[in-house]
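Read off the chains here:
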Amino acid sequence: MSINVGDRVPSTTFIKPTDNGPEPVQSDEFFKGRKVALFSVPGAFTPTCSARHLPGYVDKADELKAKGVDEIACTAVNDAFVMGAWGKSADAGDVTMLSDGNGAFAKAVGLELDGSKFGMGTRGQRFSMLINDGVVEQLHVEAPGEFKVSSAEYLLENM
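For clarity, every value in this text was computed on a predicted model and none was experimentally measured. (Residues numbered from 1 in each chain as written. Predicted model: local features only at pLDDT ≥ 70, side-chain atom pairs only at ≥ 80, totals over all residues. Heavy atoms only, no water.)

Enumeration over the complete set of coordinates arrives at four salt bridges. For Glu 71, the salt bridge identified is with Arg 34, shortest N-O distance 2.5 Å. With Glu 71 in strand E4 (residues 71-76) and Arg 34 in the loop between helix H1 (27-31) and strand E3 (35-40), this pair connects stretches of sequence that are 37 residues apart. You can call Glu 71 buried: its relative accessible area is 15%. Residue Glu 63 pairs with Lys 60 through a salt bridge whose shortest N-O separation is 3.4 Å. Residue class for Lys 60 comes out partly exposed when judged on its relative accessible area of 22%. (Salt bridge = Lys/Arg side-chain N within 4 Å of Asp/Glu carboxyl O. Helix = DSSP H or I, 4+ residues; strand = E, 2+ residues; numbered from the N terminus. Buried < 20%, exposed > 50% of the residue type's maximum accessible area, 1.4 Å probe, protein only.)

Set out below in structure tokens:
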């Protein structure tokens, strides 16, 4: 079963790429006491993710922050080195890249995706969440193969 609006985000560990190497980040601490726009992509450097999803959040960062968002974060079932390289190549300085390398977060929120027919294994679905002090205020999960409701624009329209 997937997470719902009003649910608390489960306790898992992300890995954040930093200049000093990968750094563990506890979800409880990351979301505590602030508003976070979190979006998930099936994979770093994949076509829709690189051409539209991540760039949309980079472009709309100021608007999201003007509406009270303290941090914008992107997660994917990729390792921290890939997430770091993707963030740098996309000039995504306003977006915190969070590796969910083993898919623990995707599994904990019930939003896994079986990408084996594409040679990608288990991934996270494409979605966005607005999380306030660890509680999901908005949840937008894409239908397979679509990119509509998880965009930065859609999240902004619903704030």
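Counting residues in each nonpolar core, the largest one holds 22 residues, and the members touching the most others are Phe 39, Tyr 57, Ile 72, Cys 74, Trp 86 and Val 95. With residues near it in sequence (within four places) discarded, Trp 86 still touches Val 41, Ala 44, Phe 45, Cys 49, Ser 50, Leu 54, Cys 74 and Met 97. Core analysis: the second largest hydrophobic core is formed by 18 residues, Leu 38, Phe 127, Val 136 and Leu 139 among them. (Core = buried A, V, L, I, M, F, W, Y, C linked by side-chain atoms within 4.5 Å. Contact = heavy atoms within 4.5 Å.)

So, on to the packing of aromatic side chains. Under the definition given, this model contains five aromatic pairs. Here the aromatic rings of Phe 30 and Phe 31 are separated by 5.2 Å at their centres, their planes lie at 85 degrees, and the arrangement is edge-to-face. With respect to burial, Phe 30 and Phe 31 carry one shared label: buried. Summarising the aromatic geometry, the rings of Phe 45 and Trp 86 are spaced 6.3 Å apart at their centres and angled 50 degrees between planes, so their arrangement reads as tilted. One end of the pair, Phe 45, is in the loop between E3 and helix H2 (47-59); the other, Trp 86, is in helix H4 (residues 80-89), with 41 residues separating them in the sequence. Using a relative accessible area of 46% as the deciding quantity, one classes Phe 45 as partly exposed. According to the relative accessible area criterion, Trp 86 is buried, its value standing at 1%. (Phe/Tyr/Trp six-rings, centres within 6.5 Å; stacked < 30°, edge-to-face > 60°.)

Here the focus is unusual backbone geometry. The residue Asp 91 is not glycine, and still its phi comes out positive at about 50 degrees. Mapped onto the secondary structure, Asp 91 falls in the loop between H4 and strand E5 (95-99). Despite not being glycine, Asp 133 shows a phi value in the positive range, around 50 degrees. Along the chain, Asp 133 turns up in the loop between strand E8 (127-132) and strand E9 (135-141).

Let's shift gears to the pairing of E4. Taken across its six residues, E4 has six buried, putting it largely inside the fold. What you see with E4 is no split at all: Glu 71, Ala 73 and Thr 75 on one side and Ile 72, Cys 74 and Ala 76 on the other are buried throughout. Sheet topology note: the E3/E4 ladder contains five bridges and is parallel. Counted as the bridge partner of Leu 38 is Ala 73 from E4. Pairing analysis gives five bridges linking E4 to E5, with the strands arranged parallel. Residue pairing for E5: Ile 72 is matched across the bridge by Val 95. For the crossover that starts at E4, traverses H4 and ends in the parallel E5, the hand is right-handed. (Pairing = 2+ DSSP bridges. Right-handed = clockwise from strand over helix to strand, strands pointing away.)

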